[in-house]
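Take a look at the letters that make up each chain.
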Amino acid sequence: MAIDHLLEQLLDRIRHDPDLRRQLAQLLFGRELAQLADQLAQLASLVRSLAESTQQGFQLLAERSSLVERELATLRRVVGELAEQQRATTAQIAALTERMERVEGQIAQMTAAVALLALSVQRLDDHVARARSWYPEARMRDRAPAIFGSWMDTRRVVPPMEIRRLVRESLTRSQL
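None of these values were measured; they are calculated from a predicted model.

Together, Leu 36, Leu 40, Leu 43, Leu 46 and Val 47 line one region of the surface with nonpolar side chains, adding up to about 470 Å² of accessible area. Tracing the sequence through the fold places Leu 40 in helix α3 (residues 31-142).

Here it is as structure tokens:
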């Protein structure tokens, strides 16, 4: 039993002491094979590191792909909303264009009406000017006694045609 126990201790020490394992491998297999085992261990470590790095790369790639898909979905939604807004804006512009055409027609009608109104006002101004030019003459004629008072004892309104006739009767042709 002591040998079994001693053997167990030796095996346990070999399992936990890497230097002892290397020395034992050199004794059993020779130096080249022992180095090959170390190189295989290093290679296995590198393969594990490569596998972990690849796994992390795939995980990072999956996360970025998911992020790109979410961003793409958001972009599609925004583009859809913008397209809908563009359609609404186009419809509003078309409606505004129709309104502007109607307003332009109304402005043309109003311009024509204002031109007619200006012509009517001009005619009215002409009539008023003519009426004003006749008003002082008629006022003088109708109110001559009040205006000329004592200068006129007898008053008499003489139409222009009678004045002409009286002048022709009293003056000769050469005097005229």
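What follows concerns helix α2 (residues 18-29). Compared with an ideal rise of 1.5 Å per residue, which puts 12 residues at 16 Å, α2 spans 16 Å between its outermost C-alpha atoms and is within 8% of the ideal. Measuring from the backbone nitrogen of Asp 19 back to the side-chain oxygen at the start of α2 gives 3.3 Å, which picks out Asp 17 as the cap.

As a packed pair, helix α1 (residues 2-16) and α2 sit with axes 5 Å apart at the nearest point and diverge in direction by 105 degrees. By the angle between their axes, α1 is roughly perpendicular relative to α2. Side by side, α1 and α2 meet where Arg 13, Ile 14, Arg 15 and His 16 of the first sit next to Pro 18, Leu 20, Arg 21 and Leu 24 of the second. Residues of the contact of α1 with α2, tallied by class, amount to 4 nonpolar, 1 polar and 3 charged.

What follows deals with the pattern of salt bridges. Throughout the structure, instances matching the rule amount to 4 salt bridges. Measuring nitrogen to oxygen at the nearest pair gives 2.7 Å for the salt bridge that ties Glu 169 to Arg 165. Separated by 4 residues within a single helix, Glu 169 and Arg 165 lie in helix α5 (residues 160-170), roughly one turn from each other. The class of Glu 169 is exposed, set by a relative accessible area of 56%. Residues participating in the shared-partner salt-bridge network are Glu 162, Arg 165 and Glu 169.

Rules and cut-offs
Residues numbered from 1 in each chain as written. Predicted model: local features only at pLDDT ≥ 70, side-chain atom pairs only at ≥ 80, totals over all residues. Heavy atoms only, no water. Patch = residues over 30% accessible without salt bridge, like charges linked within 9 Å, V, L, I, M, F, W, Y side chains within 5 Å. Areas by Shrake-Rupley, 256 points an atom, 1.4 Å probe, with all protein chains shown as cover. Salt bridge = Lys/Arg side-chain N within 4 Å of Asp/Glu carboxyl O. Helix = DSSP H or I, 4+ residues; strand = E, 2+ residues; numbered from the N terminus. Expected span 1.5 Å × (residues − 1). Polar contact = N/O pair within 3.5 Å; in protein donor to acceptor, adjacent residues only side chain to side chain. Axes fitted to C-alpha atoms, helices over the stretch in contact; angles between N-to-C directions. Parallel < 35°, antiparallel > 145°, perpendicular 65-115°, else oblique. Contact = heavy atoms within 4.5 Å. Nonpolar A, V, L, I, M, F, W, Y, C, P; charged D, E, K, R; others polar. Buried < 20%, exposed > 50% of the residue type's maximum accessible area, 1.4 Å probe, protein only.

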